[in-house]
Amino acid sequence: MVQTASVSVLFVCLGNICRSPQAEGIFRHMTRELGLSDRVLSDSAGTAAYHQGEAPDSRTRATSARRGVPLQHAARPFHVRDFDQFDHILAMDQHNFADLLAQARTAEDRNKVRMLRSLDPHADDPSVPDPYYGGAQGFDHVFDVCWNGCEPLLRELCALHDWPYRPISPK
Ligand code: 4NP
């Protein structure tokens, strides 16, 4: 990957077919809306490689497209070199968080890793729930939870880099 953007953000879940591609798509949508596509690189990965090469789960794609955020991603596993490529690494749940910290080589690596939902001051749980084995409404909930984590992340990056920020509403 050729890195030209000023900031790079990686979202990480287990399979990289439900939660993290959802967060990546939302964050890319938000940066596009703010005219920051050239400055912010967004990607996602899984701590497991079960679904490598697959498109996001059909339920994730359907929900996201209905909410105005069409997704395009091929699942890939997280690799330790991602610590060198990305400035910010956002874990979806506590397991992903622990798996990432276990692979961190330095304090600098560790400091890049946060829980996406911990950025949402209104969240009642630090994890984005795994919708894989649940019903359709779980995917709508994940969309909202990811949106509510991505918004403060974008606000933080805009403040840090002196980029104009405005809140964007979900569909
Ligand atoms: P994700 O959800 O981590 O949000 O992509 C899952 C996808 C697949 C599996 C588990 C969770 N799986 O066991 O295959």
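Below: a short report on this structure.

Quick notes on the rules
Residues numbered from 1 in each chain as written. Predicted model: local features only at pLDDT ≥ 70, side-chain atom pairs only at ≥ 80, totals over all residues. Heavy atoms only, no water. Salt bridge = Lys/Arg side-chain N within 4 Å of Asp/Glu carboxyl O. Helix = DSSP H or I, 4+ residues; strand = E, 2+ residues; numbered from the N terminus. Buried < 20%, exposed > 50% of the residue type's maximum accessible area, 1.4 Å probe, protein only. Expected span 1.5 Å × (residues − 1). Contact = heavy atoms within 4.5 Å. Pairing = 2+ DSSP bridges.

Time to look at the pattern of salt bridges. One pass over the full model with this rule turns up 13 salt bridges. A salt bridge links Asp140 to Arg67, with the nearest nitrogen and oxygen atoms 2.9 Å apart. Of the two residues, Asp140 is situated in helix H6 (residues 137-161) and Arg67 in the loop between helix H2 (58-66) and helix H3 (82-85); the sequence distance between them amounts to 73 residues. Residue class for Asp140 comes out partly exposed when judged on its relative accessible area of 22%. Classification of Arg67 as buried rests on a relative accessible area of 12%. With its nearest N and O atoms 2.8 Å apart, the salt bridge here joins Asp84 to Arg105. Of this pair, Asp84 sits in helix H3 while Arg105 is found in the loop between helix H4 (94-103) and helix H5 (107-111), placing the two residues 21 residues apart along the sequence. Exposure remark for Asp84: the relative accessible area of 55% places this residue in the exposed category. Here the residues in one salt-bridge network are Arg66, Arg67, Asp140 and Asp144, joined through shared partners.

Moving on, we get to helix H1 (residues 19-33). In this model, H1 (15 residues) spans 21 Å end to end at C-alpha, consistent with the 21 Å of a helix rising 1.5 Å per residue. Counting buried residues along H1, 12 of its 15 residues qualify, which places the element largely inside the surrounding structure. For H1, the set of buried residues is Arg19, Ser20, Pro21, Gln22, Ala23, Glu24, Gly25, Ile26, Phe27, His29, Met30 and Thr31. Packed against the buried residues of H1 are strand S1 (7-13), strand S2 (40-46), H2, H4 and H6. Just downstream of H1, Gly35 is the residue with a positive phi angle, here 75°.

With that settled, the discussion passes to the pairing of strand S3 (residues 88-91). In the case of a regular strand, side chains alternate between the two sheet surfaces. Of the two faces of S3, the one carrying His88 and Leu90 and the one carrying Ile89 and Ala91 are both buried. Direction of pairing for S1 relative to S3: parallel, over a ladder of 4 bridges. Paired with Val9 across the bridge in S3 is His88. For S3 and strand S4 (residues 113-115), the ladder comprises 3 bridges, and the chain directions are parallel. Bridge pairing links Ala91 to Met115 in S4.

Turning our eyes to something else, we now look at unusual backbone geometry. The backbone of Asn16 sits at a positive phi, close to 60°, despite the residue not being glycine. Inspection of the secondary structure assignment puts Asn16 in the loop between S1 and H1. Given the relative accessible area of 0%, Asn16 is considered buried. Despite not being glycine, Asp162 has its phi angle at roughly 60°, a positive value. In this structure, Asp162 sits in the segment after H6. By relative accessible area, which is 72% here, Asp162 ends up exposed.

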